[in-house]
Amino acid sequence: MKFTRIILGFLLMAFMFSCGSKKKVAKRSNRSSELPHKEKIYTSEKDYPKNIVEAKEEPPVPKKTYKSKTETYIYMYAEIAKKEMELYGIPASITLAQGILESGSGFGELTKKSNNHFGIKCNGWEGAKVYHDDDRAQECFRKYKDPKYSFRDHSLFLSERSRYASLFTLKEDDYKAWAKGLRKAGYATDPRYPEKLISLIERYNLHRFDEEVLGKSGKRGRTKGTADVDYSQGTYTVKVGDTLWNIAERNNLSVDELKKLNDLRGNIIEIGQKLHVKAPR
């Protein structure tokens, strides 16, 4: 009987010890769940629990999306068109509308293989070339490393050819006159070319870019004649929209003569640059 009581006593003590241990473990577990990351000092990011590292990162910036490929095209090339307008005086609205129309908003077959956004053919071009069916089979077109060079070549193409000289007597904010003038000068054979350009400009509000370049007053305009010639020094100060061709024409020079007078090897001039000119007749 005494032995039985001793056995029962040991069992009772073991049961009580077991309950006490569980309570203590449970208590530590609860505290740990309430303070999961404050009980340890992390010395580097690699030691952080995954959820803390993720919380530290900046949320990704959502990419801007557009309803159509044409709106994407405008977003991508509007600043380039505005820069070309500042340098050469060609309305940004006209440049963008021509680019959209000629390149299929950048998705045309010719544009994708050549970065040629304006359908400019070789015509003495010494750079890279591609061949593409147009008015005739396998015609030669200019190829560019980057679309921005296509925009610059478009500016030079219009500003340095006498057939387009009449365009540069038009107001820079008169996109309708420019659209009609391009067709009249023979830029395109499509009789509806002006209407297509005007429709694109008005549908996508492209003339807003002309206003941004010209300023709200829209009074920048182009200075005609030779009023900026300093005859005492025989120089002319280059203004916004000037080209070698129109400076030479206003001063009764050929482009080659003007380049020789100023030791110019290329066709690029800068606003504010002083060029030597001859007095007009």
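Coordinates for the structure precede this section.
Residues numbered from 1 in each chain as written. Predicted model: local features only at pLDDT ≥ 70, side-chain atom pairs only at ≥ 80, totals over all residues. Heavy atoms only, no water.

A. Region of the structure containing the overall build of the protein. Helix and strand counts for the protein stand at 11 helices and five strands. A burial count over the protein gives 36% of its 281 residues as buried. For the protein, restricting intrachain contacts to residue pairs at least 6 apart in sequence, the fraction spanning at least 24 positions comes to 56%. When the accessible area of the protein is evaluated, it comes to approximately 18,300 Å², of which 53% is carbon and sulfur surface. (Helix = DSSP H or I, 4+ residues; strand = E, 2+ residues; numbered from the N terminus. Buried < 20%, exposed > 50% of the residue type's maximum accessible area, 1.4 Å probe, protein only. Contact = heavy atoms within 4.5 Å. Areas by Shrake-Rupley, 256 points an atom, 1.4 Å probe, with all protein chains shown as cover.)

B. Looking closely at the layout of surface pockets. The calculated volume of the largest pocket comes to roughly 650 Å³. Along the wall of the largest pocket there are 29 residues; nearest its centre are Glu102, Gly119, Lys121, Asp134 and Tyr187. Among the elements of the structure, α4 (92-103), α5 (109-114) and α8 (193-203) are those that each provide at least two residues to the lining of the largest pocket. Here the lining of the largest pocket is built from residues that sort into 10 nonpolar, 10 polar and nine charged. (1 Å grid on protein atoms, 1.4 Å probe; cavity = no way out; pocket = protein on both sides within 12 Å on 5 of 7 lines; lining within 4 Å. Points joined across faces, edges and corners; volume = space filled by probe spheres on them. Nonpolar A, V, L, I, M, F, W, Y, C, P; charged D, E, K, R; others polar.)

C. View of the packing of helix α7 (residues 175-184) against α8. For the pair α7 and α8, interaxial distance at closest approach is 8 Å and the crossing angle is 150°. As judged from the angle between their axes, α7 and α8 are roughly antiparallel. Note on packing geometry: the crossing formed by α7 with α8 is right-handed. The segment α7 lies against α8, with Tyr175, Lys176, Ala179, Lys180, Leu182 and Arg183 engaging Tyr193, Pro194, Leu197, Ile198, Ile201 and Glu202. Of the residues that constitute the contact of α7 with α8, the class distribution is eight nonpolar, no polar and four charged. (Axes fitted to C-alpha atoms, helices over the stretch in contact; angles between N-to-C directions. Parallel < 35°, antiparallel > 145°, perpendicular 65-115°, else oblique. Left-handed = near helix turned anticlockwise from the far one by under 90°.)

D. Quick peek at the pattern of salt bridges. If you walk through the whole model with that rule in mind, you get 10 salt bridges. Where Asp242 meets Lys239, a salt bridge forms, and the shortest distance between an N and an O atom there is 3.4 Å. Overall, Asp242 belongs to the buried group, its relative accessible area being 4%. Salt bridges here are not isolated pairs; linked through shared partners, they connect Glu79, Lys82 and Glu212. (Salt bridge = Lys/Arg side-chain N within 4 Å of Asp/Glu carboxyl O.)

E. Fine view of the packing of helix α3 (residues 69-88) against helix α9 (residues 207-214). At a minimum axis distance of 10 Å, the contact between α3 and α9 shows a crossing angle of 45°. Here α3 is positioned oblique relative to α9, judged by the angle of their axes. Of the two possible hands of crossing, α3 and α9 adopt the one that is right-handed. Within the contact between the two elements, α3 uses Ile74, Ala78, Lys82, Met85 and Glu86 and α9 uses Arg208, Phe209, Asp210, Glu212, Val213 and Leu214.

F. The side chain of His132, seen in detail. As for its placement among the helices and strands, His132 is situated in strand β1 (residues 129-132). With near-sequence residues (within four places) excluded, His132 lies in contact with Glu109, Leu110, Lys113, Gln138, Glu139 and Phe141.

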